[in-house]
Amino acid sequence: MLKLPVYLDSNATTRMDNRVLEAMLPYFTEDFGNAASRNHPYGWKAEEAIDYSREQIAKLIGSSEKEIIFTSGATESNNLAIKGIAEMYATKGNHIITAVTEHKAVLDTCKHLEKQGLQVTYLSVNREGLIDLEELAAALTPQTILVSIMFANNEIGVIQPISEIARLTHAAGALFHTDATQAVGKVPVDVESMGIDLMSFSAHKMYGPKGVGALYVRRKNPRVKVTAQMDGGGHERGMRSGTLNVPGIVGLGKAAEICQTEMESEMKRISELRDYLETSLLKLPESYVNGSREHRLPNVSNISFKYVEGEGLMMGIKDLAVSSGSACTSASLEPSYVLKCLGLSDDLAHSSLRFGLSRYTTKEEIDFAIECVEKAVVQLREMSPLWEMFQDGVDLSTVQWAAH
Amino acid sequence: MAYSEKVIDHYSNPRNVGTLDKSKTEVGTGLVGAPECGDVMRLQIEVDPETHIIQDAKFKTFGCGSAIASSSLATEWLKGKTVDQALEIDNMDIVEELSLPPVKIHCSVLAEDAIRAAINDYRIKNGLAPLEEKAHLH
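Residues numbered from 1 in each chain as written. Chains lettered and ligands numbered in written order. Predicted model: local features only at pLDDT ≥ 70, side-chain atom pairs only at ≥ 80, totals over all residues. Heavy atoms only, no water.

Novice: Talk me through the environment of Phe62 of chain B; I want residue IDs and the actual numbers.
Specialist: Topologically, Phe62 of chain B is positioned in strand S3 (residues 54–62). C-alpha of Phe62 of chain B to C-alpha of Glu97 of chain B: the two residues are 35 residues apart in sequence and 21 Å apart in space. The contact partners of Phe62 of chain B, leaving out residues within four places of it in the chain, are Tyr307, Val308, Glu309, Ser351, Ser384, Pro385 and Leu386 of chain A together with Pro35, Gly38, Asp39 and Val40 of chain B. (Helix = DSSP H or I, 4+ residues; strand = E, 2+ residues; numbered from the N terminus. Contact = heavy atoms within 4.5 Å.)

Right, dumping it as structure tokens:
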């Protein structure tokens, strides 16, 4: 029996793995110590657990365990990285480069810094969702202190050319930060070989608990420092004060370990399911994949079904938990800015669905999803004046719309 | 966001989906909204030239559940009304009937606009003066 609605929104969050929960449980009760308590076994036990988690995470991302700074999640990590670098390296320069399709946690942090007088360049992306390396090279100046480009996009899953970005950034004497929230645990990430100086990620996107994440901060070649954005006890090498969330951190470590051991087989299975879903849905006429299909996470598919409105479509597939590029419910009525940055017209952006597969997605669920979406798209097109006009050969771009 | 039962009912069993022959003089067609706004409604009425009673009404809508429900409800209400009575349908009646939340009021406005546009088209086709623009207070 399928559990309804079928969950296909794993870019929003993932179900926590039972093995992760098991690892965490003792640290809520018996082993409740504060990792900063140096004088008794309760504290030692907690510290030991934290250190083990650092090792598990370090193995997954190819870093040293000393380079992991625990935070409350990727939003905090992004804030700490960007604001912390801007402050720490203020005497060196005042220019930051990022991209238009970044998560709001990066974009709004940059806007905040702009108000304080920093210069920010927002790189555009092409139809595939990829930045142009030549545009990046041209944007780098001696004043540039940081380039922050996400590893993989949360809406379309597109993976940026991380190593090349790092190389260009370093050649210009700047540091490279990447928001890898969607990538860590899903695709191989190696901070050494890829040349990443700072990297944000979060536990709940990789089958761990919510409310815990980390910022990788390079310690060697070069030694990177960020100015703390919260004052207090000087935890995490002085970069992030606050009593460590021991159970959460244990969960992040365990989640990282499982991802590392299972990534290869898991992603092969998930990408096959994703490709099956995508090929099946693309059989519907006038449906299009958004973003690069080649440079992409294995678990995401973002598809626009032309002439069908996304929110109406979501209502027709209420047995599927997915996300839409249409934001008809929000006050702004603006569709996804990420899809618009790819050059999609508003109507195509309104017509999109994002499918995010996970460790728990089954073939049966995908078959069910295909059936639901096909049925709803066909029904809604029957009801759509735009579909009828398209069928009649009307060029919709020439119609004078009476917008209200 | 949770939809009201009536919205779900109209969405799941839309009344009067379809197309009338827009070349006929008795048929008035209103096409309102724009694809980039995420809502397009086409509402059609077929009027008895003698009695001015709306014999048939059909719609097709590209939009969210509330937009589909608003236009479906409008076609239900239009049938059997005279053209003048139809003009009295106010968007707030639709809001009330469907329990639309504030963010969805624009769907009802669009439905009212579609009714007026269809009636206007019918009037122009039959040599009557077009309706005056109605200002919305939204």
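Novice: Explain the packing of aromatic side chains to me, and be specific about the residues and the numbers.
Specialist: Residues and elements named next belong to chain A. The final tally for this structure, using the stated rule, is five aromatic pairs over all chains. Considering the side-chain rings of Trp387 and Phe390, the 5.5 Å spacing of their centres and the 35 degrees angle between planes classify their relative orientation as tilted. One end of the pair is Trp387 and the other is Phe390, both in helix H13 (residues 385–391) and three residues apart, which spans about a single turn. On the basis of relative accessibility, which here comes to 12%, the residue Trp387 falls in the buried class. (Phe/Tyr/Trp six-rings, centres within 6.5 Å; stacked < 30°, edge-to-face > 60°. Buried < 20%, exposed > 50% of the residue type's maximum accessible area, 1.4 Å probe, protein only.)

Novice: Can you explain the packing of helix H2 (residues 65–78) of chain B against helix H4 (residues 91–98) of chain B? Please cite residues and give values.
Specialist: Residue and element names in this part refer to chain B. Between H2 and H4, the least distance of the axes is 10 Å, while the angle of their chain directions is 110 degrees. Between H2 and H4, the angle falls in the class roughly perpendicular. Across the interface between the two elements, Ala69, Ser70, Leu73 and Trp77 of H2 pack against Asp93, Ile94, Glu97 and Leu98 of H4. Per-class residue counts for the contact of H2 with H4 are five nonpolar, one polar and two charged. (Axes fitted to C-alpha atoms, helices over the stretch in contact; angles between N-to-C directions. Parallel < 35°, antiparallel > 145°, perpendicular 65-115°, else oblique. Nonpolar A, V, L, I, M, F, W, Y, C, P; charged D, E, K, R; others polar.)

Novice: Report on unusual backbone geometry, specifying residues and quantitative values.
Specialist: Residues and elements named next belong to chain A. In the segment running from Leu4 into Pro5, the intervening peptide bond is cis, with an omega of -10 degrees. Topologically, Pro5 is positioned in the segment before strand S1 (6–7). Here the amide bond leading from Asn221 into Pro222 is cis, since omega sits at -5 degrees, within 30 degrees of zero. With respect to the element layout, Pro222 can be found in the loop between strand S8 (213–217) and helix H8 (246–281). Positive phi values are uncommon outside glycine, yet Arg237 reaches one of about 50 degrees. Structurally, Arg237 is set in the loop between S8 and H8.

Novice: A description of the side chain of Arg381 of chain A should follow, citing residues and the corresponding values.
Specialist: Residues and elements named next belong to chain A. Structurally, the position occupied by Arg381 is in helix H12 (residues 363–382). Buried and without a salt bridge, Arg381 has Glu286 as its closest oppositely charged side chain, separated by 6.5 Å. A distance of 2.7 Å separates the side chain of Arg381 from the backbone oxygen of Pro285, its partner in a polar contact. The residues contacting Arg381, other than those within four sequence positions of it, are Pro285, Glu286, Phe305, Lys306, Val308 and Trp387. (Lys, Arg positive; Asp, Glu negative; His and termini not counted. Salt bridge = Lys/Arg side-chain N within 4 Å of Asp/Glu carboxyl O. Polar contact = N/O pair within 3.5 Å; in protein donor to acceptor, adjacent residues only side chain to side chain.)

Novice: Please set out the confidence of the model for chain B residue by residue, giving values where relevant.
Specialist: Residues and elements named next belong to chain B. When the pLDDT values of chain B are averaged, the result is 92; 96% of them are 70 or greater. Element-level mean pLDDT values for chain B span from 94 in helix H1 (residues 5–12) up to 97 in S3. Across the predicted assembly, pTM comes out at 0.91 and ipTM at 0.92. (pLDDT = per-residue confidence, 0-100.)

Novice: Account for the sheet that holds strand S3 (residues 95–99) of chain A, naming residues and giving values.
Specialist: All names here are of chain A. Taken in spatial order, the seven strands of this open sheet run S2-S8-S7-S6-S5-S3-S4, and their pairing is mixed. Of all strands in the sheet, those bounded by a partner on one side alone are strand S2 (68–71) and strand S4 (119–123). Sheet twist, expressed as the mean angle between neighbouring strand axes with direction ignored, is 20 degrees. The pairing of strand S6 (residues 175–179) with strand S7 (residues 198–202) spans three bridges and is classified as parallel. Considered in S7, the bridge of Thr178 is made with Met199. In this fold helix H3 (residues 74–88) packs onto S2, S3, strand S5 (144–148), S6, S7 and S8, with an angle of close to 160 degrees to the strand it touches most, S7. (Pairing = 2+ DSSP bridges.)

Novice: Give a description of the sheet that holds strand S1 (residues 27–34) of chain B that names residues and reports values.
Specialist: Residue and element names in this part refer to chain B. Taken in spatial order, the three strands line up as S1-S2-S3 in an open sheet, and their pairing is antiparallel. Edge positions in the sheet fall to S1 and S3, since each has one partner strand and no second. Pairwise comparison of adjacent strand axes, ignoring direction, gives a mean angle of 10 degrees for this sheet. Running at roughly 175 degrees to S3, H2 makes contact with strand S2 (39–47) and S3 of the sheet.

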